[in-house]
Amino acid sequence: MSVAEDVSLGSVRGRLEALGQEHLLAFFDELDAQQQAALLAQIASIDLESMPELIETYVTNPQSHALASDLEPAPYYALRETGPGSWDPAEFRAAGEQLLREGKIAAFTVAGGQGTRLGFDGPKGTYPGSAVRKRPLFACLAEWITAAQSRFGATIPWYVMTSPINHADTVAFFESNRHFGLGEENVMFFSQGVLPSIGMATGKLLLANKHEVAANPDGHGGSLKALHASGAIADMRSRGVEHISYVQIDNPLAKVIDPVFLGLHASAPDSSGQMSSKMVAKTEPSEKVGVFTRSAGKTTVVEYSDLPAKLAEARRADGGLQFNAGSIAIHAIGVGFVETLNAGGRFALPLHRAEKKVPHIDLGTGERVTPDSPNAVKLEAFVFDALPLCENSIVLETDRIEEFAPIKNAEGTDSPATSSRIQTERAARWLELAGVDVPRDLQGECECVLEISPLTAMTPEELRERELPGEIERGAEVSV
Ligand code: UTP
């Protein structure tokens, strides 16, 4: 071992001892040189000095947060174009298109999650998510960006957030797909941070392996920190980007670039241009999506698990759910707002705790144990916690069939099968508007599988101008 490494071992050990976490080096002498270096580097990268406060707040003495007593449904720009609550999208579309033509918009995709529920081996963005062509999820989003670039005649740089778990595989995937034709210089990758898992009973950090601290990506909210820390925001500034279009990797129908939404975000009289959101009407009170609410004049998302049944089930006079604005994790975010959230070297978002089963090394035996009940607290930041920090934040309603077909689970709700059905339904709707016959059963369900590439059409109006078949055959799988 070199002197330099010895010194760093000494300093890491000293810091750990001061915090009562020296057990992380319990097996250090058994490790080979590479493993020792990896462990020291990982420990040195953790913000150790903030751990006592995090452990006290989220593990030893966690507080439950009561819902605000003045909670009310957040107002939103409704889908309907006539009647009460109607508004004119044309003016905002023009504003959004102008921003795009001026190169002031960047696309941003958070793809650092672990994708545990889908159980797919590899970054989720490499999962074959489109209904017919089975295009990887990254490719689905890339096609939107390509299509938008050609519509608006400007470059739309794409920032992709990974995590240490999938960074190398993600970059390699883009390289082997030649960055989907977007140009290597216009696709930027950066990894989000991680936070250590903390033993629930002990308040001690856990070892996942003798040479590795158990840690998890710091949540989609970590993206607002990583955008800044990685230099992505500085890169955006150098390109003249003013607003970021934020989508998740798991929604192949996401309109990665939506001029109306971007225009509203940037120029609606009640928007501060800091952070805006899209919502869909909830299907039922128990649907597992967060809802947009308002409290003390601020927009907030209340997670489904935190919304009491009484509120989730409350109805308006017209029979609709009172708290019906479900979050679909699509946002527009001002570049300056991300800078504000990171001002003074302190990141503004709070963390959330989740009790999880985390495999770890038993310090007594040195064996790896897989617990059968939660043994650890994992910490994550949620992106929507930035909303109440805005001066004014607006919400835009959208149609679920048009842009929400998430792939979360291997089976059941929000699975590849349900996503394929929604993608088919949207394509059928657009094709029928263009005069194509689509086979449907008596319940109105499509009897075919359909997909429309954004390269063919980004709107039903554009589809009408394309050469299309007169009808789709029953049982066919058709991509246009
Ligand atoms: P999910 O909440 O669905 O989590 O992420 P997940 O990790 O993908 O999947 P599960 O819960 O383990 O099954 C929603 C979006 O946020 C991103 C995901 O990649 C996805 O696009 N995300 C989530 C991050 O980028 N980082 C995180 O730390 C968590």
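So, here's what we can say about the structure. (Residues numbered from 1 in each chain as written. Predicted model: local features only at pLDDT ≥ 70, side-chain atom pairs only at ≥ 80, totals over all residues. Heavy atoms only, no water.)

1. Remarks on the overall build of the protein chain
Summing up its helical and strand segments, the protein chain has 14 helices and 21 strands in all. A globule of 480 residues ought to have a C-alpha radius of gyration of about 23 Å, and the protein chain, at 24 Å, matches this closely. Taken along its principal axes, the extent of the C-alpha atoms in the protein chain is 75 × 55 × 50 Å. In the protein chain, which comprises 480 residues, the proportion classed as buried is 52%. Intrachain contacts of the protein chain at a sequence separation of at least 6 include 75% that bridge at least 24 residues. In the form shown here, the protein chain has an accessible surface area of approximately 21,800 Å², with 49% of it arising from carbon and sulfur atoms. If you average the places of the 42 positive and of the 65 negative side-chain charges in the protein chain, the two averages end up 2 Å apart. (Helix = DSSP H or I, 4+ residues; strand = E, 2+ residues; numbered from the N terminus. Rg over C-alpha atoms; globule rule 2.2 N^0.38 Å. Buried < 20%, exposed > 50% of the residue type's maximum accessible area, 1.4 Å probe, protein only. Contact = heavy atoms within 4.5 Å. Areas by Shrake-Rupley, 256 points an atom, 1.4 Å probe, with all protein chains shown as cover. Lys, Arg positive; Asp, Glu negative; His and termini not counted. Charge placed at Lys NZ, Arg CZ, Asp CG, Glu CD.)

2. Thoughts on unusual backbone geometry
Not every positive phi belongs to a glycine, and F180 is a case in point at roughly 50°. Along the polypeptide, F180 turns up in the loop between α6 (167-176) and β4 (187-191).

3. Some thoughts on the nonpolar core
In globular proteins that are soluble, nonpolar side chains generally tend to be buried together. Ranked by internal contacts, the top residues of the largest apolar core, which has 47 residues, are F138, W158, V256, I257 and L264. Those elements giving two or more residues to this core turn out to be α4 (89-101), β2 (105-110), α5 (137-152), β3 (158-162), α6, α9 (259-267) and β14 (325-334). Here W158 is in contact with A107, F108, T109, F138, L141, A142, I145, F174, L182, N186, V187 and M188, once residues within four sequence places are set aside. (Core = buried A, V, L, I, M, F, W, Y, C linked by side-chain atoms within 4.5 Å.)

4. A few points about the sheet that holds strand β18 (residues 376-380)
Read across the sheet, three strands follow the order β6-β18-β15 without closing on themselves; strand pairing throughout is antiparallel. Unpaired on one side and paired on the other, β6 (198-199) and β15 (352-356) mark the two borders of the sheet. (Pairing = 2+ DSSP bridges.)

5. Here's the deal with the state of the cysteines
This model, assessed by the stated rule, comprises zero disulfides. The cysteine C140 is free of any disulfide, with C448 supplying the nearest cysteine sulfur at 18 Å. You can call C140 buried: its relative accessible area is 7%. (Disulfide = S-S within 2.5 Å.)

6. Topic: the site of the ligand
Every one of the 18 residues lining the ligand counts as a neighbour, but V110, Q114, T116, R117 and Q192 are closest to it. Here an oxygen atom of the ligand and a backbone polar atom of Q114 are 2.8 Å apart. Contact between the ligand and G219: an oxygen atom at 2.8 Å from a main-chain N or O atom of the residue. Computed on the free molecule, the ligand has an accessible area of 560 Å², of which 87% lies beneath the protein chains in the complex. Residue composition of the shell around the ligand, by class: five nonpolar, nine polar and four charged. (Near = heavy atom within 4 Å. Polar contact = N/O pair within 3.5 Å; in protein donor to acceptor, adjacent residues only side chain to side chain. Nonpolar A, V, L, I, M, F, W, Y, C, P; charged D, E, K, R; others polar.)

7. Quick notes on empty space enclosed by the protein
For the structure on display, the rule yields one cavity of 30 Å³ or more. Considered as a void within the structure, the largest cavity measures approximately 140 Å³ in volume. Taken together, 15 residues line the largest cavity, and the ones lying closest to its centre are P252, L253, R426, E451 and I452. Here the residues of the lining of the largest cavity are counted per class, giving eight nonpolar, three polar and four charged. (1 Å grid on protein atoms, 1.4 Å probe; cavity = no way out; pocket = protein on both sides within 12 Å on 5 of 7 lines; lining within 4 Å. Points joined across faces, edges and corners; volume = space filled by probe spheres on them.)

8. With respect to the pairing of β14
Burial analysis of β14 places 10 of its 10 residues in the buried class, which makes it a mostly covered element. Both faces of β14 are covered, namely the face carrying A325, S327, A329, H331 and I333 and the face carrying G326, I328, I330, A332 and G334. Pairing geometry for strand β10 (residues 243-248) and β14, over four bridges, is antiparallel. Looking at β14, one finds that Y246 is bridged to H331. Inspection of the sheet shows strand β11 (residues 275-281) paired to β14 by six bridges, in the antiparallel sense. Considered in β14, the bridge of A281 is made with A325.

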